[in-house]
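# Breakdown of the fold
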Amino acid sequence: MNVLLIFFAIPLAVILLSAILESFINCPFKVAGIFFSIFIVVAFALGGTAELLVASIVYTIISFITAVIIRFIINR
């Protein structure tokens, strides 16, 4: 994959979509679970390399952190 796609476009999309989903779902664990399941399916569909599996875990952590921050902002 392109380096700009891995380090800029996908994390930015994950942050934006996590914030939107958190405002609808109201549970950071469900938001992170949704992103984890999507990225794992995509990783195995593209070949299941270790790079894609690690990237899916990192993107899931980013999604969870974003959802927790948005939950904190909404509750405040």
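The following refers to the structure shown. Every chain is numbered on its own, with residues counted from 1 as its sequence reads. The predicted nature of this model means local features are confined to residues of pLDDT at least 70 and side-chain atom pairs, given and counted, to a pLDDT of 80 or more, with totals for whole chains, interfaces and linings taken over all residues. Excluding hydrogens and water, the side-chain values take into account all heavy atoms of the structure.

Attention now goes to the nonpolar core. If you look at soluble globular proteins, the nonpolar side chains tend to sit buried side by side. For this analysis, a nonpolar core means a set of buried residues of the types Ala, Val, Leu, Ile, Met, Phe, Trp, Tyr and Cys, connected via side-chain atoms within 4.5 Å. Partly exposed residues are those whose accessible area sits between 20% and 50% of the maximum for their type, while under 20% is buried and over 50% is exposed, using a 1.4 Å probe and protein chains only. Counting residues in each nonpolar core, the largest one holds nine residues, listed as Ile6, Ile10, Val14, Val31, Phe35, Phe39, Ala55, Tyr59 and Ala67. Not counting chain neighbours up to four residues away, the residues in contact with Phe39 comprise Ile10, Val14, Ser56 and Tyr59. We call two residues in contact when some of their heavy atoms are within 4.5 Å.

Attention shifts here to the side chain of Glu22. Following the sequence through the fold, Glu22 ends up in helix α1 (residues 3–25). Exposure remark for Glu22: the relative accessible area of 0% places this residue in the buried category. By the criteria applied, helices consist of DSSP H or I runs no shorter than four residues and strands consist of E runs no shorter than two, each listed in order from the N terminus.

Working note: α-helix, 3.6 residues per turn, so residues spaced by three or four point in the same direction. Between the first and last residue of a helix there are one fewer steps than residues, each counted as 1.5 Å, and that sum is the expected span. The first and last C-alpha atoms of helix α3 (residues 50–75) sit 38 Å apart over 26 residues, in line with the 38 Å expected at 1.5 Å per residue. Considered for burial, the residues of α3 that qualify are Leu52, Ala55, Ser56, Tyr59, Thr60, Ser63, Thr66, Ala67 and Arg71.

Right, let's get into the side chain of Arg71. Residue placement: Arg71 occurs in helix α3. Taking the relative accessible area as the measure of exposure, Arg71 reaches 16% and is therefore buried. Every residue in contact with Arg71, bar those within four places of it in the chain, is listed here: Glu22, Asn26 and Pro28.

The grouping of Phe36, Ile57, Ile61, Ile65, Ile69, Phe72 and Ile73 at the surface amounts to a nonpolar patch, some 680 Å² of accessible area in total. No other element matches α3, which puts six residues into the nonpolar patch. Of the residues examined, Ile57 reaches a relative accessible area of 44% and is grouped as partly exposed. Patch membership needs two things, relative accessible area over 30% and no salt bridge, and members are linked within 9 Å if like-charged or within 5 Å if nonpolar (Val, Leu, Ile, Met, Phe, Trp, Tyr). Each accessible area is a Shrake-Rupley result for a 1.4 Å probe, and residues are judged covered by the shown protein chains and nothing else. The term salt bridge refers to a side-chain nitrogen of Lys or Arg lying within 4 Å of a carboxyl oxygen of Asp or Glu.

Over its 23 residues, α1 runs 31 Å from end to end, which matches the ideal 33 Å to within 8%, given 1.5 Å per residue. Bend, in this description, refers to the angle at a residue between axes fitted to the seven residues ending there and the seven starting there. The largest bend in α1 amounts to roughly 30° and is located at Ala9, with the proline Pro11 lying one to four residues further along. Among the structural elements, α2 (28–45) and α3 are those in contact with the buried residues of α1. Within two residues after α1, Asn26 carries a phi angle of roughly 65°, on the positive side.

Read these as geometric descriptors, not functional statements.
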